[in-house]
Amino acid sequence: MRALRDLVLFLVFAFTALAASTTGTTSDASKLPKSITLSYEVIGSSSVKPLATVFYDPKSKKHSLSSWTPPTLDSLKSTTPEPTSAILLRILLPNGSSTVTSLTTFSEDLHQKIDLWISPSDGSVFSASISSLSPPPLSQEEERYRKKVERAKAKGKPIPARPPVPNTKKAREEAARQLALYEPIKVNLITSVPGPVPSLASRAPPQVDAEGREIVQEEQPEKSFFQKYWWVLLIAVMLTMSGGGGEK
């Protein structure tokens, strides 16, 4: 199983180089302005070990996974025959914040996703988490190529090259989509944005009596039509009288 995962990683890196050569992009970490190093420790143990280093650009969201040293399940499995609870790990950031995940997250049968939450003010990472994903089924073309690679490695022959990607926008987009689909370790940059603020209705403070009890306000009865528009009727009467007085 480890050999198969190493093969997947090799194919992904080879495909990355191929896509970069056709699109003019690069994953050179030295060109990305920021970096973050994640560590892990088994809960109940004081030993802290490096997990991953990611270079990234908080504005363009470009990133490069520089190193990846996950814990191995065999080295941390319990040697007792009795069933035990799942082994938990703490994912640590340099600023002291941490999240918790299970050791089974790093199973070789699964893909891993690194979520990095970025501060909008200075672009620093203030939280990180690791989760697992089920790998997608291989396409027929991808499966045929991997079988060729396995046969070449078994016979000690050079790894066969992939067919060149046509220099068209559609082909480059498809190559990038395939790369993201079969990438065993995915990095997801999330920019923190302020959430919606509820609009609270303001209420004037109630009137209270000397004993502190609220004074119940009596509802005013609704005015009649004449009470609302008496001034209109008054103007109409005055106009009528002034108009009648001018006649001979």
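What you are looking at is a predicted structure, and each value in this text was computed from that prediction instead of being measured.

Parameters and conventions
- Just so you know, the residues in each chain are numbered from 1, in the order the chain's sequence is written.
- This being a predicted model, a pLDDT of at least 70 is required before a residue's local features are given, and a value of 80 or more before pairs of side-chain atoms are given or counted; all residues contribute to the totals for chains, interfaces and linings.
- Hydrogens and waters are ignored; side-chain quantities use all the structure's heavy atoms.
- Ring pairs are drawn from Phe, Tyr and Trp, using the six-membered ring of Trp, whenever the two centres fall within 6.5 Å, and their geometry is named by plane angle: stacked under 30 degrees, edge-to-face over 60, tilted for the rest.
- Elements are defined by DSSP. Helices are runs of H or I of four residues or more, strands are runs of E of two residues or more, and each kind is numbered from the N terminus.
- Each residue gets one of three labels from its accessible area relative to the maximum for its type: buried under 20%, exposed over 50%, partly exposed in between, using a 1.4 Å probe on protein chains only.
- Confidence scores labelled pLDDT are given residue by residue by the predictor and lie between 0 and 100.
- Any two residues whose heavy atoms approach within 4.5 Å are treated as being in contact.
- Throughout, nonpolar core names a set of buried Ala, Val, Leu, Ile, Met, Phe, Trp, Tyr and Cys residues whose side chains join them through atoms within 4.5 Å.
- Between any two strands, at least two bridges found by DSSP are needed for them to pair.
- All axes here are fitted lines through C-alpha atoms, helices being fitted over the stretch that makes contact, and every angle between N-to-C directions spans 0 to 180 degrees.
- A helix is expected to span 1.5 Å for every residue after the first.
- Arc definition: directions from the helix axis to the C-beta atoms.

What the rule picks out here adds up to one aromatic pair. Where Trp-68 meets Phe-106, the ring centres are 6.1 Å apart and the plane angle is 35°; that geometry is what we call tilted. Of this pair, Trp-68 sits in strand β3 (residues 63-68) while Phe-106 sits in the loop between β5 (98-102) and β6 (111-118), and the two are 38 residues apart along the sequence. The same class applies to Trp-68 and to Phe-106, which are both buried.

In this section: the confidence of the model for the protein. Here the protein averages 78 in pLDDT, and 79% of its residues register 70 or above. Within the protein, strand β2 (residues 49-56) carries the highest mean pLDDT (95), whereas helix α1 (residues 2-23) carries the lowest (46). Taken together, the stretch residues 10-26 has pLDDT below 50 and engages in 25 contacts with residues farther than four places along the chain or on a different chain.

Another aspect to go through is the environment of Arg-146. Its location among the elements puts Arg-146 in helix α3 (residues 140-155). Residue classification places Arg-146 among the buried residues on the basis of a relative accessible area of 9%. On a C-alpha basis, the gap between Arg-146 and Pro-160 in space is 9.7 Å, while along the polypeptide they are 14 residues apart.

Next up on the list: the nonpolar core. Generally speaking, nonpolar side chains in soluble globular proteins are found buried as a group. If you look at the biggest cluster of nonpolar residues, it comprises 23 residues, and the most contacted ones within it are Ile-36, Leu-38, Leu-51, Ile-114 and Leu-116. Of all elements in the fold, only β1 (34-42), β2, β4 (88-92), β6, β7 (125-133) and β8 (185-191) reach the threshold of two or more residues within this core. With residues up to four places along the chain from it excluded, the contact list for Leu-51 reads Leu-38, Ser-39, Tyr-40, Ser-67, Trp-68, Thr-69, Pro-70, Pro-71, Ile-91, Phe-106 and Ile-130.

Where β1 and β2 come together, seven bridges link them in antiparallel fashion. Its bridge partner lying in β2, Tyr-40 is registered against Lys-49. Remark: six residues form the turn of the hairpin made by β1 and β2, two consecutive strands paired antiparallel; Gly-44 in that turn has positive phi of roughly 105°. Where β1 and β4 come together, four bridges link them in antiparallel fashion. Directly across from Tyr-40, in β4, lies its bridge partner Ile-91.

With that out of the way, let us pick up the sheet that holds β4. Strand order across the open sheet formed by five strands is β3-β2-β1-β4-β5, with antiparallel pairing between neighbours. Bordering the open sheet on either side are β3 and β5, each of which pairs with just one other strand. Each neighbouring strand pair of the sheet contributes to a mean axis angle of 25°, computed without reference to strand direction. Relative to β5, β4 runs antiparallel, the two sharing five bridges. Residue pairing in the sheet places Arg-90 in a bridge with Val-100 of β5.

To continue, consider α3. Along its 16 residues, α3 runs 23 Å from first to last C-alpha, staying within 8% of the 22 Å computed at 1.5 Å per residue. Regarding α3, the residues found buried are Glu-142, Tyr-145, Arg-146, Val-149 and Ala-152. Projected onto a plane normal to the axis of α3, the buried residues spread over an arc of 120° and lie on a single side. Exposed residues lying more than 90 degrees from the buried face of α3 are Gln-140, Ala-154 and Lys-155.

On to unusual backbone geometry, then. Positive phi is not limited to glycine here, since Lys-61 has a value of about 70°. Summarising the element assignment, Lys-61 is placed in the loop between β2 and β3. For Lys-61, a relative accessible area of 34% corresponds to the partly exposed category.

Strand order in the open sheet formed by three strands is β7-β6-β8, and the pairing between neighbours is mixed. This sheet does not close on itself; its edge strands, each paired only once, are β7 and β8. Recorded for the sheet is a direction-independent mean angle of 20° between the axes of neighbouring strands. For β6 and β7, the ladder comprises eight bridges, and the chain directions are antiparallel. Along β7, the bridge assignment pairs Leu-116 with Ala-128.

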